[in-house]
Amino acid sequence: AQSVTQPDIHITVSEGASLELRCNYSYGATPYLFWYVQSPGQGLQLLLKYFSGDTLVQGIKGFEAEFKRSQSSFNLRKPSVHWSDAAEYFCAVGAHDGGSQGNLIFGKGTKLSVKP
Amino acid sequence: DAGITQSPRYKITETGRQVTLMCHQTWSHSYMFWYRQDLGHGLRLIYYSAAADITDKGEVPDGYVVSRSKTENFPLTLESATRSQTSVYFCASSESARGPYGYTFGSGTRLTVV
């Protein structure tokens, strides 16, 4: 069965600094991978996804993520963080065959704080 | 309005009462899901549905009931609410579980059981 680990519960970065949020997955084949963002009091919004091809994926709001098969990772990056990026970020993995429950498995999330 | 809407946004209920959370989507997505979000637990799947009249249990189904008589609606009922069911509940939908479709989430219902 697939699983997702986000090692960092909470990260604080300065506005304008670069950001990398880590995501490691466990799955026997090439998975579908997603990053979602949740602003306070809101639902989750899809930032980007990987399903095949180029391992560097561009998303909305200036985010990108790189799929590294050898490391089973799908880390999210942004070169310069804005105060509005403060939110919680969730990595998710989906199986090509729909998985045992036909749905995505989510990590527990990383909360990002941005200091002025 | 297009999208996925949940109602109510906030609800306070008493222990032992039945309460229903509503979810409506306008895309005719086949799959719909109910999650609860609690501090330290992330998102946990309660129930999901692959199509109208097809539902199945997720990770934490006890104390909850779902139905899906129409593709666009997927209500979640707490038959006899308990304090442990105080949480934020999210509904989501997807075109398919077999493919890189991802999910679209509603804005959530914050439920407090007193």
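Here, the structure is the one placed above.
These numbers were taken from a predicted model, which means no experiment stands behind them.

Rules of the game
- Residues numbered from 1 in each chain as written.
- Chains lettered and ligands numbered in written order.
- Predicted model: local features only at pLDDT ≥ 70, side-chain atom pairs only at ≥ 80, totals over all residues.
- Heavy atoms only, no water.
- Helix = DSSP H or I, 4+ residues; strand = E, 2+ residues; numbered from the N terminus.
- Buried < 20%, exposed > 50% of the residue type's maximum accessible area, 1.4 Å probe, protein only.
- Polar contact = N/O pair within 3.5 Å; in protein donor to acceptor, adjacent residues only side chain to side chain.
- Contact = heavy atoms within 4.5 Å.
- Buried area = accessible area lost by both parts, 1.4 Å probe.
- Salt bridge = Lys/Arg side-chain N within 4 Å of Asp/Glu carboxyl O.
- Nonpolar A, V, L, I, M, F, W, Y, C, P; charged D, E, K, R; others polar.
- Pairing = 2+ DSSP bridges.
- Core = buried A, V, L, I, M, F, W, Y, C linked by side-chain atoms within 4.5 Å.

### What to know about the side chain of Gln37(B)
Move 1: Looking at the element boundaries, Gln37(B) is found in strand β4 (residues 31-38).
Move 2: For Gln37(B), a relative accessible area of 15% puts it in the buried group.
Move 3: Within polar-contact distance, the side chain of Gln37(B) engages the side chain of Gln38(A) at 2.9 Å.
Move 4: For Gln37(B), the residues in contact, after removing those within four places along its chain, are Gln38(A), Glu88(A), Phe90(A), Gly42(B), Leu43(B), Ser87(B), Val88(B) and Phe90(B).

### Notes on the interface of chain A and chain B
Move 1: On the side of chain B, 24 residues touch chain A, which itself brings 23 residues to the contact.
Move 2: Approximately 1,700 Å² of surface area, both sides summed, lies buried where chain A meets chain B, with 53% of it carried by carbon and sulfur atoms.
Move 3: Counting across the interface, chain A meets chain B through zero salt bridges.
Move 4: At the surface where chain A touches chain B, the tally comes to four residue pairs in polar contact (both at pLDDT 80 or more).
Move 5: The set of elements that each furnish at least two residues to the side of chain A that touches chain B consists of β5 (32-38), β6 (44-50) and β10 (87-94) of chain A.
Move 6: Sorting elements by how many residues they give to the side of chain A that touches chain B places β5(A) first, with four residues.
Move 7: Tallied by class, the residues present in the side of chain A that touches chain B amount to nine nonpolar, ten polar and four charged.

### Focus: the pairing of β6(A)
Residue and element names in this part refer to chain A.
Move 1: The pairing of β5 with β6 spans six bridges and is antiparallel. In the sheet register, Val37 faces β6, and the bridge partner there is Gln45.
Move 2: Counting the residues in the hairpin turn of β5 and β6 gives five residues, including Gly41, whose phi is positive at 75°.

### Quick notes on the nonpolar core
All names here are of chain A.
Move 1: Ranked by size, the top nonpolar core spans 26 residues in total, and within it Leu19, Trp35, Leu47, Leu48, Phe74, Leu76 and Tyr89 carry the most contacts.
Move 2: Put simply, the parts of the chain that give this core at least two residues each are β2 (10-14), β3 (19-21), β5, β6, β8 (64-68), β9 (73-78), β10 and β12 (110-115).
Move 3: A total of four residues in this core trace back to one element, the largest contributor, which is β10.
Move 4: Setting aside anything within four residues of it in sequence, one finds Leu19 in contact with Ile11, Val13, Phe63, Leu76, Arg77, Lys78, Val81 and Leu112.

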